[in-house]
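One-letter residues, chain by chain:
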Amino acid sequence: QVQLVESGGGLVQPGGSLRLSCAASGNIFSRNVMGWYRQAPGKEREFVATITSGGTTNDADSVKGRFTISSDNAKNTVYLQMNSLTPEDTAIYYCGAGPYGMSYWGKGTLVTVSS
């Protein structure tokens, strides 16, 4: 089993920045891949970014150049640095983990981009 707890969401103005954190615990072999997905109101959950235990990252075209995923293995924590936020980034952001894809999910943290 893997437990994931997100933090760092909140209200930010357009053009602002936020850093999300995801603290992981449990079976380390079940979190070879960790990442972030988001779900905006009335829309399906969508991929944002992932990072493997080896440090390989992948991110969605919609966030390239603005969002950066990183990890601190010593702290068992994955981060999502979000810059140049727009209202279209408003969503609940979920942290996921799994041996290959997302098998485990956190409860999510709300990010609202509004003036």
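Everything in this summary refers to the structure shown in the same document. (Residues numbered from 1 in each chain as written. Predicted model: local features only at pLDDT ≥ 70, side-chain atom pairs only at ≥ 80, totals over all residues. Heavy atoms only, no water.)

## Some remarks on the packing of aromatic side chains
- Summed over the entire model, instances satisfying the criterion amount to two aromatic pairs.
- Centroid distance Y37 to F47: 5.7 Å. Interplanar angle 70 degrees. Geometry classified as edge-to-face. Of this pair, Y37 sits in strand 4 (residues 33-39) while F47 is found in strand 5 (residues 46-52), placing the two residues ten residues apart along the sequence.
- Aromatic pair Y37 and W105: ring centres 5.2 Å apart, planes at 85 degrees, arrangement edge-to-face. Taken as a pair, Y37 in strand 4 and W105 in strand 10 (residues 104-105) lie far apart in primary sequence, 68 residues in all.
- Residue W105 is classed as partly exposed on the basis of its relative accessible area of 35%.
- A connected cluster of aromatic rings, assembled from ring pairs, spans Y37, F47 and W105.
- Between R45 and the ring centre of Y94, over which it is positioned, the NZ or CZ distance is 3.8 Å.
- Taking the ring centre of W105 as reference, the NZ or CZ of R45 above it sits at 4.6 Å. (Phe/Tyr/Trp six-rings, centres within 6.5 Å; stacked < 30°, edge-to-face > 60°. Helix = DSSP H or I, 4+ residues; strand = E, 2+ residues; numbered from the N terminus. Buried < 20%, exposed > 50% of the residue type's maximum accessible area, 1.4 Å probe, protein only. Lys NZ or Arg CZ within 6 Å of the ring centre and 35° of its normal.)

## Examining the state of the cysteines
- Scanning the model with the defined rule gives one disulfide in all.
- The disulfide partner of C22 is C95, and the S-S distance across this bridge is 2.0 Å. Between C22 and C95, the disulfide has an S-S torsion of -80 degrees and is therefore left-handed. Pair noted here: C22 is in strand 3 (residues 18-26) and C95 is in strand 9 (residues 91-98), with a separation of 73 residues, a long-range link. Neither C22 nor C95 differs from the other in exposure class; each is buried. (Disulfide = S-S within 2.5 Å.)

## Quick notes on the sheet that holds strand 3
- Spatial ordering of the open sheet is given by 1-3-8-7, a layout of four strands whose pairing is antiparallel. This sheet does not close on itself; its edge strands, each paired only once, are strand 1 (2-7) and strand 7 (67-72). Adjacent strand axes in the sheet meet at a mean angle of 20 degrees, parallel and antiparallel pairs treated alike.
- One ladder, built from six bridges, connects strand 1 with strand 3; its direction is antiparallel. Across the sheet, residue V5 finds its bridge partner in strand 3, namely A23. (Pairing = 2+ DSSP bridges. Axes fitted to C-alpha atoms, helices over the stretch in contact; angles between N-to-C directions.)

In short, geometric facts, not functional conclusions.
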